[in-house]
Amino acid sequence: MDDRTGTTLHTGLLISTTAAIAWLSGLPMLFPSLGPSAFVLALFQDSDATSPRRVIGGHAIGVAAGLLAYHLLGVTTSITATADPGSFEALLLGASGVVATMLTAGGMLATDTRHPPACATTLIVSLGLLSTPLEGVLIVVTVVVLVVAHQLLLATERAGARYEKRFRS
């Protein structure tokens, strides 16, 4: 199988894992930043960029920064609500997104947990889409599930390659 097909299938299998759990549980375990994370995991399988510390750590920082910004600024709406142009409520929401993104970038750089999709996670939280502490925990748990699924896929692929090599000889 060529690399493009393998990467495509690996990405799909990773997202299928969290989609199935979301479907069966009714919990929001499928959100926009998982797509880029799954793609990074599939494309750069054994690089520093896909270390569990970076992927999970980056998203955890994104969640913490998003929750801090959203609740510290007293935002009471979400990006899906219609806000009046120029309203104070819309200003607070925008400020929440900006502050959260800055905190996430700085936090990831300070802790060497750079994972760009985490900047999408921080916007999901800071713009009120998944902005409760419980939802924040659920985001991190979902990312852990994604990373574990990735590790299991890699182990399966490696075992299959060893098995195939053994019986070709």
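See above for the structure.
Given the structure is predicted, the values throughout are model-derived calculations rather than measurements.

Trainee: Report on the packing of helix α4 (residues 88–111) against helix α5 (residues 117–126), specifying residues and quantitative values.
Mentor: It is at 9 Å that the axes of α4 and α5 come closest, and there the two elements cross at 145°. As for the relative orientation of α4 and α5, their crossing is right-handed in sense. Contact residues: Leu93, Ser96, Gly97, Ala100, Thr101, Thr104 and Met108 in α4; Ala118, Cys119, Thr122, Leu123 and Ser126 in α5. Split into classes, the residues belonging to the contact of α4 with α5 amount to six nonpolar, six polar and no charged.

Trainee: Let's hear about the pattern of salt bridges: which residues, and what values?
Mentor: Taken as a whole and judged by the stated rule, the model has two salt bridges. Asp112 is the partner of Arg54 in a salt bridge, and the nearest nitrogen-oxygen pair spans 3.1 Å. Residue Arg54 is located in helix α3 (residues 52–72), and its partner Asp112 is located in the loop between α4 and α5; the two are separated by 58 residues in the primary sequence. As a salt-bridge pair, Arg114 and Asp112 come within 2.5 Å of each other at their nearest N and O atoms. Asp112 gets classed as partly exposed once you look at its relative accessible area, which sits at 34%. Because the salt bridges share partners, they merge into one network encompassing Arg54, Asp112 and Arg114.

Trainee: Lay out the packing of α3 against α4 with the relevant residues and their values.
Mentor: Between α3 and α4, the least distance of the axes is 8 Å, while the angle of their chain directions is 145°. Crossing geometry of α3 relative to α4 is assigned as right-handed. Residues Arg53, Gly58, Ile61, Gly62, Ala65, Gly66, Leu68, Ala69 and Tyr70 of α3 touch α4, and the partners they reach there are Leu93, Ser96, Val99, Ala100, Leu103, Thr104, Gly107, Met108 and Thr111. By residue class, the composition of the contact of α3 with α4 is 10 nonpolar, seven polar and one charged.

Calculation rules
- Residues numbered from 1 in each chain as written.
- Predicted model: local features only at pLDDT ≥ 70, side-chain atom pairs only at ≥ 80, totals over all residues.
- Heavy atoms only, no water.
- Axes fitted to C-alpha atoms, helices over the stretch in contact; angles between N-to-C directions.
- Helix = DSSP H or I, 4+ residues; strand = E, 2+ residues; numbered from the N terminus.
- Left-handed = near helix turned anticlockwise from the far one by under 90°.
- Contact = heavy atoms within 4.5 Å.
- Nonpolar A, V, L, I, M, F, W, Y, C, P; charged D, E, K, R; others polar.
- Salt bridge = Lys/Arg side-chain N within 4 Å of Asp/Glu carboxyl O.
- Buried < 20%, exposed > 50% of the residue type's maximum accessible area, 1.4 Å probe, protein only.

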